[in-house]
Amino acid sequence: MADYLIAPSILSANFAKLGEEINDVLDSGADIIHFDVMDNHYVPNLTIGPLICEAIRPLTDATIDVHLMVEPVDRIIPDFAKAGANIISFHPETSSHIDRTIGLIKEQGCKAGMVFNPATPLHYLDHVLDKLDLVLIMSVNPGFGGQKFILEALNKLKAVRERIDAGNKKILLEIDGGVKVDNIAEIARAGADTFVAGSAIYGAGNNEDPHRYDTVLSALRAELAKV
Ligand code: DX5
Ligand code: ZN
């Protein structure tokens, strides 16, 4: 079985108690924390920035996976690196010089990811795939949690999986949007190894028990074990 990573998106967490929400998903077996940054410009929503990343950094050694939905993107990258981000991913449409943006992320000591919206073509990978540590395929249009998985993303995952496997570098293949217990196995079969889930995880914790996320995380793992 491949190594799979489950990445709860804190976009769907209760922000009034964000620290607990992060500790509780990690205690329930989540692998990394997905951190959605929206700017009310590139996407029609406004979320969290480097200050929040810095505030949560001392809580855990787990990877903080920052998904920038910000345009222009370069200026904010050093701020997230200083705030403790481990992976920084950006949408190619938000950068005037994609190779430079990837270089900037790596110079700051972070892993670099590129993100593809449902209608963004994969040719952006052509000359830079080897420089990336992660490719993120969006299975919803970015901006909001709780949207429905767009099935075409499965074909895109298969295409990127082939490209990654044709090289000899370890590159994570992440999926983001509409991931649930009932589709995660099919998504894994299409080639994803890293699974962002916001509403499916945080929507499942309906009490104050710190183990309230055990059930949903176990269910996601059980589905992945079938692949
Ligand atoms: C959407 C964000 C996602 C979002 C996923 O723009 O990038 O990370 O939180 O939420 P769900 O899992 O609810 O679709
Ligand atoms: Zn995201």
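Presented here is a report on the structure given in the accompanying data block. As the structure is a computational prediction, the values presented were derived from the model and not from experiment.

Neighbouring ligand 1 are 20 residues, the closest being Asp 36, Gly 146, Asp 176, Gly 198 and Ser 199. Taking Asp 36, its side chain carries an N or O atom lying 2.7 Å from an oxygen atom of ligand 1. Within the side chain of Asp 176, one N or O atom sits 2.7 Å away from an oxygen atom of ligand 1. Summarising the interface, the protein chains cover 100% of the accessible area of ligand 1, which totals 380 Å² for the free molecule. At the level of elements, β2 (33-38), β3 (64-69) and β8 (194-197) are the ones that each hand at least two residues to the shell around ligand 1. At three residues, the largest contribution of residues to the shell around ligand 1 is made by β2. Here the shell around ligand 1 is composed, by residue class, of eight nonpolar, ten polar and two charged.

A few words on the packing of aromatic side chains. A full pass over the atoms with the stated rule returns three aromatic pairs. Taken together, a centroid distance of 5.3 Å and an interplanar angle of 75 degrees make the contact between Tyr 202 and Tyr 213 edge-to-face. Residue Tyr 202 is found in helix α7 (residues 199-202), and its partner Tyr 213 is found in the loop between α7 and α8 (214-225); the two are separated by eleven residues along the sequence. Residue Tyr 202 shares its accessibility class with Tyr 213, and that shared class is buried.

This part covers the nonpolar core. Ile 10, Phe 35, Phe 80, Val 135, Ile 137, Ile 175 and Phe 195 are the most contacted members of the largest nonpolar core, which totals 69 residues. Top contributing element to this core by residue count: helix α5 (residues 152-166), with five residues. In this view, Phe 80 contacts Phe 35, Val 37, Ile 48, Gly 49, Pro 50, Cys 53, Val 66, Leu 68, Ala 85 and Ile 88; residues no more than four positions away in its chain are not counted. In this structure, Val 115, Leu 134, Leu 136 and Met 138 belong to the second largest nonpolar core, which totals seven residues.

Along strand β5 (residues 111-116), five of the six residues are buried, which leaves the element largely enclosed by surrounding structure. Across four bridges, strand β4 (residues 87-90) lies against β5 in parallel orientation. Considered in β5, the bridge of Phe 90 is made with Met 114. For the crossover that starts at β4, traverses helix α4 (residues 98-107) and ends in the parallel β5, the hand is right-handed. Where β5 and strand β6 (residues 134-138) come together, four bridges link them in parallel fashion. Residue pairing for β6: Met 114 is matched across the bridge by Val 135.

Further remarks concern unusual backbone geometry. Cis rather than trans, the peptide bond between Glu 71 and Pro 72 has omega equal to -5 degrees. Take Pro 72: it is sitting in the loop between β3 and α3 (77-82). Even without glycine at this site, Asn 40 takes up a positive phi of about 55 degrees. Within the element layout of this structure, Asn 40 appears in the loop between β2 and α2 (50-56). What makes Asn 40 exposed here is its relative accessible area of 53%.

About the thresholds
- Residues numbered from 1 in each chain as written.
- Chains lettered and ligands numbered in written order.
- Predicted model: local features only at pLDDT ≥ 70, side-chain atom pairs only at ≥ 80, totals over all residues.
- Heavy atoms only, no water.
- Near = heavy atom within 4 Å.
- Polar contact = N/O pair within 3.5 Å; in protein donor to acceptor, adjacent residues only side chain to side chain.
- Areas by Shrake-Rupley, 256 points an atom, 1.4 Å probe, with all protein chains shown as cover.
- Helix = DSSP H or I, 4+ residues; strand = E, 2+ residues; numbered from the N terminus.
- Nonpolar A, V, L, I, M, F, W, Y, C, P; charged D, E, K, R; others polar.
- Phe/Tyr/Trp six-rings, centres within 6.5 Å; stacked < 30°, edge-to-face > 60°.
- Buried < 20%, exposed > 50% of the residue type's maximum accessible area, 1.4 Å probe, protein only.
- Core = buried A, V, L, I, M, F, W, Y, C linked by side-chain atoms within 4.5 Å.
- Contact = heavy atoms within 4.5 Å.
- Pairing = 2+ DSSP bridges.
- Right-handed = clockwise from strand over helix to strand, strands pointing away.

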